[in-house]
Structure formats: C-alpha cells, structure tokens
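Spelled out from the first residue to the last, the chains are:
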Amino acid sequence: MKAQRLLWLALYFLIPTIPIGLIFSSPLAQLDNQLYRLSVVSGALAFVWLVNQLVLSARPKFIEQHFGMDRLYRFHAVMAGVSVVLVLVHRQAKLALTGLTPTYAFPAAALFILAVLFAAIFLIDSGLRRLGFVRSLVNFSREKLGLSFNRVVLFHNITVVASVLMALHVIATSAALVYLPIRIFYWFYFVLGLSFYLYHKFIRPWRLARKAYQIKSVTPELENIRTLKLIPPPNQEVINYQPGQFAFITILGGDVAREEHPFTISSSPAEPDAITFTIKELGDFTANLGAVEPGTPVRVDAPYGVFSYQQHAPDVPLGLIAGGIGITPMLSMLRTLRVTEPDRQVTFLWGVNQPEELFCQDELAAMAAEMPNFVWHPVIAFDETWPGETGFVDRDKIARLMLNGQGGQAEMDFYVCGPQVMMDLVIGHLSDLGVPVGQIRSEKFAL
Ligand SMILES: Cc1cc2nc3c(=O)[nH]c(=O)nc-3n(C[C@H](O)[C@H](O)[C@H](O)COP(=O)(O)OP(=O)(O)OC[C@H]3O[C@@H](n4cnc5c(N)ncnc54)[C@H](O)[C@@H]3O)c2cc1C
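Summarised in this report is the structure supplied together with it.

So, how was this worked out
The residue count restarts for each chain, going from 1 along the sequence in the order it is written. It should be noted that, the model being predicted, local features are given only for residues of pLDDT at least 70 and side-chain atom pairs only at 80 or more, the latter also being counted only at that level, while totals for whole chains, interfaces and linings use all residues. Excluding hydrogens and water, the side-chain figures rest on all heavy atoms present in the structure. Helix numbering and strand numbering both begin at the N terminus, where a helix is a DSSP run of H or I of at least 4 residues and a strand a DSSP run of E of at least 2. Note on definitions: a residue-residue contact is assigned when non-hydrogen atoms from the two residues lie within 4.5 Å. All accessible-area figures derive from a Shrake-Rupley calculation using a 1.4 Å probe, and residue coverage is judged against the displayed protein chains alone. Under the convention used here, Asp and Glu are negative, Lys and Arg are positive, and both His and the chain ends fall outside the count. Here the site of a charge means NZ on Lys, CZ on Arg, CG on Asp, or CD on Glu. Two strands qualify as a pair provided DSSP detects at least 2 bridges between them. Interaxial angles span 0 to 180 degrees and are taken between N-to-C directions of axes, which are lines fitted to C-alpha atoms, for helices over the stretch in contact. Stacked, tilted and edge-to-face pairs are distinguished by plane angle, under 30 degrees for stacked and over 60 for edge-to-face with tilted covering the rest, among Phe, Tyr and Trp rings (Trp via its six-membered ring) whose centres lie within 6.5 Å. When a residue's accessible area, from a 1.4 Å probe over protein chains only, is under 20% of the maximum for its type it is buried; when over 50% it is exposed; and in between it is partly exposed. Residue proximity to a molecule or strand is established when one non-hydrogen atom of the residue lies within 4 Å of it. In protein, a polar contact means a hydrogen-donor-capable atom and an acceptor-capable atom, both N or O and within 3.5 Å, with residues adjacent in sequence counting only if both atoms are side-chain atoms; elsewhere, any N or O pair within 3.5 Å suffices. Any residue outside Ala, Val, Leu, Ile, Met, Phe, Trp, Tyr, Cys, Pro, Asp, Glu, Lys and Arg is labelled polar, Gly included; the first ten of those are nonpolar and the last four are charged. Crossing chirality is assigned from the near helix's rotation relative to the far helix, an anticlockwise turn below a right angle marking it left-handed and a clockwise turn marking it right-handed. Take the buried residues of types Ala, Val, Leu, Ile, Met, Phe, Trp, Tyr and Cys, join any two whose side-chain atoms come within 4.5 Å, and each joined set is a nonpolar core. Within this document, salt bridges are pairs made up of a side-chain nitrogen of Lys or Arg and a carboxyl oxygen of Asp or Glu, the two lying within 4 Å of each other. Each patch is built from residues lacking any salt bridge and having more than 30% relative accessible area; the joining distance is 9 Å for like charges and 5 Å for nonpolar side chains (Val, Leu, Ile, Met, Phe, Trp, Tyr).

A few points about the overall build of the chain
Counting its secondary structure elements, the chain contains 15 helices and 12 strands. Each of the three principal axes of the chain carries a C-alpha extent, and together these read 80 × 50 × 45 Å. Within the chain, counting contacts between residues at least 6 apart in sequence, those at least 24 apart form 72% of the total. Summed over its atoms, the accessible surface of the chain is roughly 21,700 Å², and 61% of this surface lies on carbon and sulfur atoms. Here the chain holds 35 positive side-chain charges and 35 negative ones, and the gap between their average locations is 13 Å.

This is how it looks when you write it as structure tokens:
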C-alpha cells in the first residue's frame, strides 16, 4: 500500500518534468534567461497539476483505494491552491518577459482563482471560516440564499471551463505553437484529464443507472434514523466491498432530490443479497428519505474508503470507538466479524447523548453473547441515572475499558468515527495514552 502511494505521488510530482525537459531542449529555448526559466517551470507545473485536478476530482478508484477519499480530496484542495499560485507566478514572469498578457490567460486565471476561493469558503473546512465575516457570509448564503452543499459543488464545475481556457492558452501561445512534441504532450495530457472528468460526470452515472439497485425497505430505527435496504438488479451480485467502506448513492425516483450523497454501507459483505445504509437526518436530503417507497431505483457508486480492519494486519485486537451515527462503519465491521472471526478480540465504546439513542443494542447484546472476546460499553453523555458509563468517551474510559488501565503499549488497532469534535478529542486521548499514530484510524462524515 505504502509503495503504491509513493508511486502515485512520484507520478503526480514528476510528470511536469516531461514538458519542462521538452521545452528546454527545443530550438527556441533561452536557457540563459532566468525569467524565461521561471515562466517555463511555473507554467508547466501549473498546467500539469491543474489537469491532475480533473483526474483527482473524478475520484478514480485505482488511486483512491490507496489513500482514502478524504485524503484524496484534501490533497486535491491543497494542490489546486498551489497550482493557482503557480499560475500567478507564471503570469508575472511572462508579463515581465514579454510585456503581453496572452490570449485566454486572463479569464482562465480569474476563473481558477474564483473557483479555489469559493471552494475554500463554501465547500471545505479550509480554516477560513474561523474568520467571523467568512462564517457570517457562509451562514447568510446557506440560510437566505439557499446555497446548499450540492449547489456549491455544481458551481465548482467552472474549473472545467477554466481548464479548457487554460489548454487553449497553452496550446495557442506557448512553445507548443512552434514545437510539435510539446504540442502533442499538452494535447494528450489535457484530453486525458478531460476524459476522466467526462467519464465521472456522464458515463459512470449512466452505466450505474442502468444497473440501479432497488429499495427493498426503509426501516425506522429512531425518529430521525432510518435503515435503507437495497437489493441489486436481477442476476447481479451485490458489489464487492470491505466492512467500513462507503458508497455514493443517488435516489432516482420519488420526491427526493437527485443528489449524490456519501453513506457508509452498514451491512456486512457476508450478507450476499442486499446492502444497507443507516442514515440520520441532517438536512433536506436525509430528512426526506422516510418518504422513499420500496421499489425506487438507487444508483450506487461504491466501494470507497480505507476505513476497514481488513486493510490492515489480521488478528490484531480491535478497539472501536463511535459517537452517535458514527456507529455505521462499526456495525458493518462487527456484523462481518460475527460471521467470519467470532473469536477476534474486539472492544467497542459507543457514545450517545441519551439511552434511547442506542438503536441497535439488542443486536450488539446478541453479538456479545455469541462472540467470546467481544465487549461493548454504551457511554451516555447526558443521563446521570444510567447504570453504566456516563459522560463523554474520555481518557479515563479509554484507558480503563480498552487498555486495561495501561498505556497504549498494548497491541490494538483503533477505529474512531463520530462528530468531528468527539473524534479530535478521542484521537488526542489515544495519543496521550501512548497509542502510536499508525494504530489510530478515523473516518470523517464530511469530505
Ligand atoms: C465517508 C462518509 C460516510 C458517511 N456515512 C454516513 C452514515 O453512515 N450515516 C449517516 O447518517 N451519514 C453519513 N455521512 C454523512 C452524510 O453524507 C450527510 O449527513 C448527508 O450527505 C447530509 O445531506 P443533507 O442534504 O441531508 O444535509 P445538509 O444539511 O445539506 O448537509 C450537511 C453536511 O453534509 C455534507 N454533505 C451534504 N451533501 C453532501 C454530498 N452530496 N456529498 C458530500 N457531503 C455532503 C456537507 O458537509 C454538509 O455541510 C457520511 C459522510 C461521509 C463523507
């Protein structure tokens, strides 16, 4: 896995050496001119890395499976920012060199800057929202202007227009104009990146819609939590996935918006006929799921993610810590272990606010009865009368209930999923207790 990651990173960072090498070896190269060298290097890096963003945003599984979606998107966000800075450096160098602003350069750069800024404010947690006025702007746009997450994602597609303008600029005005090998590279690379984007936006959804699953049942677990059970089309098997992985689903009928949303598969791969998603109401999409009828087609794009014990060394004791609906990947893992490795040593802490929120406690109790080395502890935050563990999942509880009162020297792999604040605290406690970073894995319910 590590070797594959290094290989992809090396490819990502080294591909620009091809156009740079080609340009520097072209008959027109002015190698004694510093500004010229700066403009070539910054321009080639910006072009290749911006095209790479088209590839990354298409979330190719053959790359994603080595990093996980959250890492991939974080890398995409950082590298998009870096590439836009390179665009500006290139522009300044070119301006100083020639005194001209070439065709298409200005609108392409302006659109890229707009897209990156917009994403940093509205799409991702870039840290800008810590500024009071940015937070107010985000809240105002959401509440008063109806700027939903999906509209922001839609707007983000202006990066494709920017990419086309960038390609036209590069091909019409750079060394590509006069030197065929460079022209071939730029065309080839741009068409490759654009193909990933077009496949992701049009061909993959069309193919998956032709093999759409069907809603078999919608079961209320609590007033605001439901389990959707999906079955594949006749003569087709359920996708091959690991417990803890997730899917992007789009409901293709009924009164629910046709939006793609990520949800963990809460069933087990050991259950061959159906997959389930256990979903808590948060906004419009999740609130409307109760109205979805059996028989409704659903597009399922999966599997994604690396949050699974099956990605790591076998037989290691497992420490699972969930907060609220963060139980879904744990449920999938436990349901699988119950069938495939009932003797595995597993300790599970599930933090919720009130006892009524323990919606699958009967199933967990049945697992504990069947699996000799499985123990679970509900941790109730706001009920002093609860006979078991109360308060938050804190350092003391982790040490006492999972590490036998010792530090993290014990060999145990930890899996943490829940609200961001809870995950930050728990990961901090685990580190304080001496658990090595490499043994702590987490899944955020936001990309
Ligand atoms: C890997 C992963 C696994 C998840 N697993 C589960 C699960 O098992 N059960 C569960 O209840 N929830 C899960 N979620 C969260 C779930 O995706 C969001 O609660 C849901 O998309 C919210 O949609 P909404 O329109 O109802 O709410 P909104 O109020 O519109 O959105 C709330 C937040 O959800 C996120 N979000 C909204 N729409 C999307 C989208 N289309 N794509 C990505 N993020 C979006 C954004 O961060 C947004 O700020 C998971 C999220 C991720 C990333």
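Now that the structure is up, let's keep going.
Here's the deal with the sheet that holds strand E8 (residues 346-352)
Taken in spatial order, the 6 strands line up as E10-E9-E8-E7-E11-E12 in an open sheet, and their pairing is parallel. The sheet is open, and its two borders are formed by strand E10 (389-390) and strand E12 (440-443), each paired with just one other strand. In the sheet, strand E11 (residues 413-417) pairs with E12 via 4 bridges, with the strands oriented parallel. Residue pairing for E12: cysteine 417 is matched across the bridge by glutamate 443. Contacts between helix H13 (residues 361-370) and the sheet are confined to E8 and strand E9 (374-380), with E9 contributing the most and set at about 150° to the helix. Relative to E11, helix H15 (residues 420-432) is tilted by about 160°, and along the sheet it contacts strand E7 (318-323), E11 and E12.

A closer look at the packing of aromatic side chains
Aromatic ring pairs: the centre-centre distance and the angle between the two ring planes describe each pair. Within this structure, the stated rule accounts for 21 aromatic pairs. Residues phenylalanine 348 and tryptophan 350 carry aromatic rings whose centres are separated by 6.5 Å and whose planes lie at 15° to one another, so their mutual orientation is stacked. Overall, phenylalanine 348 belongs to the buried group, its relative accessible area being 0%. Taken together through their ring pairs, the aromatic side chains of Tyr12, Phe13, Trp49 and Phe75 make up a single cluster.

Some points on the environment of tyrosine 12
One can find tyrosine 12 in helix H1 (residues 2-14). It is 29 Å that separates the C-alpha atoms of tyrosine 12 and threonine 264, two residues lying 252 residues apart in sequence. Setting aside anything within four residues of it in sequence, one finds tyrosine 12 in contact with Trp49, Asn52, Gln53, Leu56, Phe75 and Met79.

Examining the site of the ligand
Inspection of the region around the ligand gives 22 residues, with Glu260, His261, Pro262, Lys280 and Thr286 positioned closest. A distance of 2.7 Å separates an oxygen atom of the ligand from a polar atom in the backbone of proline 262. Against a free-state accessible area of 890 Å², the protein chains account for coverage of 86% of the ligand. Those elements that provide at least two residues to the shell around the ligand are helix H8 (149-155), strand E4 (261-264), strand E5 (275-280) and helix H11 (284-287). Here the residues of the shell around the ligand sort into 11 nonpolar, 7 polar and 4 charged.

Looking at the packing of helix H3 (residues 34-57) against helix H9 (residues 158-173)
One way to put it is that H3 packs onto H9 with a least axis distance of 11 Å and a crossing angle of 150°. Crossing handedness for the pair H3 and H9: left-handed. Between H3 and H9, the contacting residues are Phe47, Leu50, Val51 and Leu54 on the first element and Val160, Ser163, Met166, Ala167 and Val170 on the second.

Considerations on the nonpolar core
Formed by 38 residues in total, the largest nonpolar core has its most connected members in Phe47, Val48, Trp49, Met166, Tyr186 and Tyr189. Judged by nonpolar contacts, the second largest core, of 28 residues, contains Met330, Leu358, Met367 and Cys417.

Here we look at the pattern of salt bridges
Under the criterion given, the structure shown has 13 salt bridges. Put simply, glutamate 281 and arginine 226 hold a salt bridge, and the shortest N to O gap is 2.7 Å. Pair noted here: glutamate 281 is in the loop between E5 and H11 and arginine 226 is in strand E2 (residues 225-231), with a separation of 55 residues, a long-range link. Between arginine 338 and glutamate 370 there is a salt bridge, and its shortest N-O distance comes to 2.8 Å. With arginine 338 in helix H12 (residues 327-340) and glutamate 370 in helix H13, the pair connects residues that are 32 residues apart, well separated along the chain. The class of glutamate 370 is partly exposed, set by a relative accessible area of 49%. Beyond isolated ion pairs, a larger network of salt bridges with shared partners links Arg59, Lys61, Arg204, Glu260 and Asp301.

Some remarks on unusual backbone geometry
Of note, the amide linkage connecting alanine 302 to proline 303 takes the cis form, showing an omega dihedral of 0°. With respect to the secondary-structure elements, proline 303 resides in strand E6 (residues 297-304). Of note in this structure, asparagine 235 is not a glycine but carries a positive phi near 65°. We classify asparagine 235 as exposed; its relative accessible area is 86%.

Quick notes on the pairing of strand E1 (residues 213-222)
By the bridge criterion, 2 bridges tie E1 to E6 in an arrangement that is antiparallel. Bridge assignment links tyrosine 213 to a residue of E6, and that residue is valine 298. As judged from the 7 bridges shared by E1 and E2, these two strands associate in the antiparallel manner. Note on E2: the bridge partner recorded for leucine 222 is isoleucine 225. Linking E1 back to E2 in an antiparallel pair, the connection comprises 2 residues.

With respect to a nonpolar patch on the surface
A cluster of nonpolar side chains, contributed by Leu198, Tyr199, Phe202, Ile203 and Trp206, occupies part of the molecular surface with about 510 Å² of accessible area. As for its position among the elements, leucine 198 is in helix H10 (residues 180-210). Look at leucine 198 and you get partly exposed, because its relative accessible area is 38%.

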